[in-house]
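Observations on chain architecture
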Amino acid sequence: MLRKKSKRHFYIVTVIVVLLVIWTAWSNTTVGITHYTVASDKLPASFDHYSIVVVSDLHNAEFGENNSQLIKLIEKEKPDIIVITGDLVDSNKTNIDIAQKLVGTLTGIAPCYYVTGNHEAWLGEQYQELESILLDEGVAILHDRAVQLIKNTESIQLAGLDDPDFTDRAPLQQSMIKTKINNMNLTDNYCVLLSHRPEAFEDYVSENIDLVLSGHAHGGQFRLPIIGGIVAPNQGLFPKYDAGIYSENYTTMVVSRGIGNSIIPIRFNNRPEIISV
């Protein structure tokens, strides 16, 4: 009887392990799309159902030939604009060609806007090559500046922050982010801010930003039920802003789990994602 029970337990454990391995492999080799709805009395009527697709933390990843999986998902959304919130390439294994092929297709789907991440800051002189390619492909790069998005004579603001690692890696980053936002001379119109860094959420709140689109945290890399992400850059263990939607006062922030990986090559319970807002 004991042997039969031991065998049964062994088979059950084996099946669970096999299923877990298959599920983890699937969730690391496919990409999904997550939808969020953001509402505000400040949004002009023309921007009702306005669609923004967020591509974050590609890190040279490829899903299908020339990222065909990503492109099909984005095309299906029929976005008004596409925003790229940093780490399009990986400074540890830079492949600008992958980024160029992707953005070359994305600009044919919708206008594309881009802000830098820490890995672009770490590219050194090679970043100028990447920026030149993005500009040639028709991507608008928001270097600490804002532009107007106009629809039916009504408008909102789209602002973008360069990653703070371009200038400083010290604790001064927090005050620097607030200074950069102040220097944009934003109006009272609804503002969407593209910023790679979710850990600066309190700064965005203090500056009364309406909507922040971010990445960087990779969903906490390994996600546990209820607990959430385990570790994220610049937040450490059990990060507060790892993925999903956060609101405080009049500010909402949506954090993408991102698409690719960097130092840690595998995810758990954390499928790569594109976001549609």
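All of the points below concern the structure found in this document. Just so we're clear, the structure is a prediction, and the values are computed from it rather than from any experiment.

Description of helix 2 (residues 68-77)
Of all the residues in helix 2, the buried ones are L70, I71, I74 and E77. Along the long axis of helix 2, the arc covered by the buried residues comes to 120°, so they all point the same way. For helix 2, exposure combined with an orientation more than 90 degrees from the buried face picks out K72 and K76. Taken together, the buried residues of helix 2 touch strand 1 (32-35), strand 2 (52-55), strand 3 (81-85), helix 3 (96-106) and strand 16 (273-276). K78 sits one or two residues past helix 2 and shows a positive phi near 50°.

Looking at the environment of G228
Looking at the secondary structure, you find G228 in strand 11 (residues 228-229). Each C-alpha atom of the pair G228 and K240 lies 9.1 Å from the other, and the pair is twelve residues apart in sequence.

Here we look at the nonpolar core
In this structure, Y114 and L130 are the most contacted members of the largest nonpolar core, which totals 31 residues. Secondary-structure elements contributing two or more residues to this core are strand 2, helix 2, strand 3, helix 3, strand 4 (112-115) and helix 5 (126-136). With six residues, the single largest contributor to this core is helix 3. What L130 contacts, discounting residues up to four positions off in sequence, is V89, I96, A99, Y114, E120 and L123. Within the second largest apolar cluster, 23 residues are counted, among which are V38, F47, Y113 and V147.

Topic: the pattern of salt bridges
For the coordinates displayed, the defined rule picks out ten salt bridges. Close ionic contact of K93 with D90 constitutes a salt bridge, the shortest N to O distance being 3.5 Å. For D90, a relative accessible area of 0% translates into the label buried. In this structure, E199 engages R197 in a salt bridge whose closest nitrogen and oxygen atoms are separated by 3.1 Å. For R197, a relative accessible area of 2% puts it in the buried group. Taken together, the shared-partner salt bridges in this structure form one network comprising D163, D165, R197 and E199.

Looking at the packing of aromatic side chains
One pass over the full model with this rule turns up five aromatic pairs. Put simply, the rings of F201, Y241 and Y246 pair up and form one aromatic cluster.

Focus: the side chain of D162
Positionally, D162 belongs in the loop between strand 7 (154-160) and helix 6 (173-183). K180 provides the closest opposite charge to the buried, salt-bridge-free D162, at an N-O distance of 5.5 Å. At 3.0 Å, the side chain of D162 and the side chain of T116 are in polar contact. Those residues within four positions of D162 in sequence are excluded, and the remaining contacts are T116, L142, H143, D144 and K180.

Overview of a nonpolar patch on the surface
On the surface, a nonpolar cluster with roughly 600 Å² of combined accessible area is contributed by L224, I226, I227, L237 and F238. Within the fold, F238 resides in the loop between strand 13 (236-237) and strand 14 (244-248).

Conventions we followed
- Within any chain, residue numbers begin from 1 and follow the written order of that chain's sequence.
- In keeping with the predicted nature of the model, local features appear solely for residues at pLDDT of at least 70, side-chain atom pairs appear and are counted solely at 80 or more, and the whole-chain, interface and lining totals rest on all residues.
- Where side-chain values are given, they derive from all heavy atoms of the structure, hydrogens and water being excluded.
- Buried residues are those whose accessible area, probed at 1.4 Å on protein chains only, stays under 20% of the maximum for their type, while exposed residues exceed 50% and partly exposed ones sit between those limits.
- Helical segments are the DSSP runs of H or I of at least four residues, strand segments are the runs of E of at least two, and each set is numbered from the N terminus.
- The arc in question is the one traced by the directions running from the helix axis out to the C-beta atoms.
- Any two residues whose heavy atoms approach within 4.5 Å at even a single point are treated as in contact.
- Among the buried residues, those of types Ala, Val, Leu, Ile, Met, Phe, Trp, Tyr and Cys that are joined through side-chain atoms within 4.5 Å form a nonpolar core.
- For this document, the term salt bridge refers to a Lys or Arg side-chain nitrogen within 4 Å of an Asp or Glu carboxyl oxygen.
- Pairing of aromatic rings covers Phe, Tyr and the six-membered ring of Trp, with a centre-to-centre limit of 6.5 Å; geometry is then stacked below 30 degrees between planes, edge-to-face above 60, and tilted otherwise.
- In this tally, Asp and Glu contribute negative charge and Lys and Arg positive charge; neither His nor the terminal groups of the chain are included.
- Distance and chemistry together define a polar contact, namely a pair of N or O atoms within 3.5 Å, with one atom able to donate a hydrogen and the other to accept it when in protein, and with adjacent residues in sequence counting only for side-chain atoms on both sides.
- Only residues whose relative accessible area exceeds 30% and that form no salt bridge are eligible for patches; like-charged ones are grouped when within 9 Å, while nonpolar side chains (Val, Leu, Ile, Met, Phe, Trp, Tyr) are grouped when within 5 Å.
- Using the Shrake-Rupley algorithm and a 1.4 Å probe, accessible areas are obtained, with residue cover drawn only from the displayed protein chains.

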